[in-house]
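For reference, the chains in residue letters:
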Number of protein chains: 2
Amino acid sequence: MKTRIGILGYGNLGRGVECAVRQNEDMELIAVFTRRNPADVSILTECAQVCSVDTVADWKDKLDVLILCGGSATDLPQQTPKYVKYFNVIDSFDTHARIPEHFANVDAAAKEHGHIGIISVGWDPGMFSLNRLYANAILPDGKDYTFWGKGVSQGHSDALRRIEGVKNAKQYTIPIDSALEAVRAGSNPELSTREKHTRECFVVLEDGADAAKIEQEIKTMPNYFADYDTTVHFISEEELLANHSGIPHGGFVLRSGVTGWNKENKHLIEYSLKLDSNPEFTSSVLIAYARAAHRLAEEGQSGCKTVFDIAPAYLSAKSGEELRASLL
Amino acid sequence: MKTRIGILGYGNLGRGVECAVRQNEDMELIAVFTRRNPADVSILTECAQVCSVDTVADWKDKLDVLILCGGSATDLPQQTPKYVKYFNVIDSFDTHARIPEHFANVDAAAKEHGHIGIISVGWDPGMFSLNRLYANAILPDGKDYTFWGKGVSQGHSDALRRIEGVKNAKQYTIPIDSALEAVRAGSNPELSTREKHTRECFVVLEDGADAAKIEQEIKTMPNYFADYDTTVHFISEEELLANHSGIPHGGFVLRSGVTGWNKENKHLIEYSLKLDSNPEFTSSVLIAYARAAHRLAEEGQSGCKTVFDIAPAYLSAKSGEELRASLL
């Protein structure tokens, strides 16, 4: 029995989920739901349908899991509690500060309708969160560090593009090697924002724009750039498209801690990701948790879950016996 | 309510568990059980008792979890199925090939007596296994690599000490940097045993022993050294004790995989440990899983479990709300 998947929202993340379904033999893409005119949306999977989002409730008994590929700012806070009434759902809600509120909303709706809703799935929140939890449970006496990059920050790239005179732009977040090395050396440094990451901007100007003024505006932009050492490169649109079209990302989660009767022994736990495609990797995590959601629902469970609540074996297509024999 | 812990076996691992209990406020060491004369065993925890292993069954209702700190070769295959009749137990059984058989034995006894037995807890098997599982579930199309070290291999040090003319010895397993870098570069190399690790031996000779003959014997020893590039240093006993008394270890688990409709994007997931004390880190993992065993038993669950079967939240002393607010 394959897990029948629906995708709601067909942007970078939705397309990534479509690719991930293809890589997992126990998964089957049934339908993609879009707010656009379905006739205008062309997908890669031949046997799946493209439907209007208005018809999604009609698919109530035809999908095992609906994967919500909208944004965290406005889409998911509405969509996840709404669609968990009809389906088991997975989302990648990533506004850390609003997770408790989102969890409560999804949990109430999921329990009322007997479905599973797994929220905040991806790599941060997601795999990074899991590594923070495991490392904290093992080394209660220690210090956590998270570094992001090298990778494209969508939010910071958008901030650049909103500046008057900027035609197009990409921003890379880059962890500072010396800071990473200090953490790895076990010195438990206190690191300021500026000491952890630098920001590198590739900017295409509108004709006649004032480069010096724009560079100044970028470097002093509160929240986004003012607290960082920021480099600005002005390049042509051709160069931007040729060299900066990808959406790579990654990062590092480290915990440095001590054990022993007198805390005399140091330990370092490090987890890192180096990703060519941020949305495709996130999608691959979503699909693994879709498998878990389907299984939990088959067991009769319901409610909102996060990656913290799901035993790892639920993510794998292999049986418990196979896992113990091959991966333990 | 604290989790009442018993320790069976007071070697390096048992002492490590004792230290780990002290670092976790929700844990309490009640008793250490030993095969030696209890009067000859002195422990660090003032309020805990030292008892003969023969009396362990008398403690049936006085412990929440018994942590088995014996060896995998002969102790644990007997002890874990035996003591799970009286207690929830945790072991660090690490003979990978015999895990399925050990699981079946512990599962039958645990279910019959309504207890939880968590086996093969530590870092490999344990945290490394978890990382293999998560990475395989996320990137089904990829390749796994595990490197160990730099660290002391107890088995290989023992093999050196069994050689005639060797008074004392320590062996370090060292991952080869160029192999690690090739994996990180995403080239999915096929690596032979010799290409992954080197072995470095520090050997103290008996008076009059033939160094050249012993070096040859080491380098050609089947299974242990013949398949590796091995370096042998002859040193004094003073130098061995001064510079090689620690039991550091660590290692790397990597998965390199691809995503995308045409598998066009590469990804690397890497987990690594750098440990000053192998037994103390293992003990810290054991204690986190002891917390999980206690909770699972309180929920009325029973049977044999591995790290694959346990939702991460069970390992932490924090509540679900606290975890979502602080670590997700």
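Definitions and cut-offs
Residues numbered from 1 in each chain as written. Chains lettered and ligands numbered in written order. Predicted model: local features only at pLDDT ≥ 70, side-chain atom pairs only at ≥ 80, totals over all residues. Heavy atoms only, no water. Contact = heavy atoms within 4.5 Å. Buried area = accessible area lost by both parts, 1.4 Å probe. Salt bridge = Lys/Arg side-chain N within 4 Å of Asp/Glu carboxyl O. Polar contact = N/O pair within 3.5 Å; in protein donor to acceptor, adjacent residues only side chain to side chain. Helix = DSSP H or I, 4+ residues; strand = E, 2+ residues; numbered from the N terminus. Nonpolar A, V, L, I, M, F, W, Y, C, P; charged D, E, K, R; others polar. Pairing = 2+ DSSP bridges. Least-squares fit on C-alpha atoms with pLDDT ≥ 70 in both. Buried < 20%, exposed > 50% of the residue type's maximum accessible area, 1.4 Å probe, protein only. Arc of directions from axis to C-beta.

A word on the interface of chain B and chain A. Tallying the contact residues gives 69 residues for chain B and 68 residues for chain A. A buried area of about 6100 Å², summed over both sides, lies between chain B and chain A, and 63% of it is on carbon and sulfur atoms. Summed over the shared surface of chain B and chain A, the result is 0 salt bridges. Along the contact surface separating chain B from chain A lie 27 residue pairs in polar contact (both at pLDDT 80 or more). For the side of chain B that touches chain A, the secondary structure elements donating two or more residues are α1 (12–22), α3 (99–113), α4 (127–138), β12 (249–259), β13 (265–275), α10 (278–298) and α11 (320–326) of chain B. In terms of residues, the side of chain B that touches chain A owes the most to one element, β13 of chain B, which gives 11 residues. Tallied by class, residues from the side of chain B that touches chain A come to 36 nonpolar, 17 polar and 16 charged. Across 9 bridges, strand β13 (residues 265–275) of chain A lies against β13 of chain B in antiparallel orientation. Paired with Glu270 of chain A across the bridge in β13 of chain B is Ser272 of chain B.

Least-squares fitting of chain B to chain A yields an RMSD of 0.0 Å, with the transformation described by 0.0 Å of translation along the axis and a rotation of 180 degrees. Look at the turn and shift together and you get a two-fold axis relating the two. Nearest to the rotation axis, the C-alpha of Ala311 of chain B is located 1.9 Å from it, this being the minimum over chain B.

Right, let's talk about helix α6 (residues 177–184) of chain B for a bit. Listed in full, the buried residues belonging to α6 of chain B are Ala179, Leu180, Val183 and Arg184 of chain B. Down the axis, α6 of chain B shows its buried residues gathered within 140 degrees of arc, on one side only. What points out from α6 of chain B, more than 90 degrees from its buried face, is the exposed set Asp177 and Ser178 of chain B. If you follow the buried residues of α6 of chain B, they end up packed against β13 of chain A together with β7 (142–148), β9 (166–175), α7 (193–196), β12 and β13 of chain B. Just past α6 of chain B, the residue Gly186 of chain B takes up positive phi, approximately 80 degrees.

It is worth spelling out unusual backbone geometry at this point. As a rule of thumb, non-glycine residues mostly have phi less than zero, and peptide bonds are mostly trans rather than cis. Residues and elements named next belong to chain A. Geometrically, the link from Gly149 to Lys150 is a cis peptide bond, its omega value of 0 degrees lying close to zero. In this model, Asn223 sits at a positive phi of 70 degrees, which is unusual for a non-glycine residue. As for its placement among the helices and strands, Asn223 is situated in the loop between α8 (211–219) and β11 (229–234). Using a relative accessible area of 67% as the deciding quantity, one classes Asn223 as exposed.

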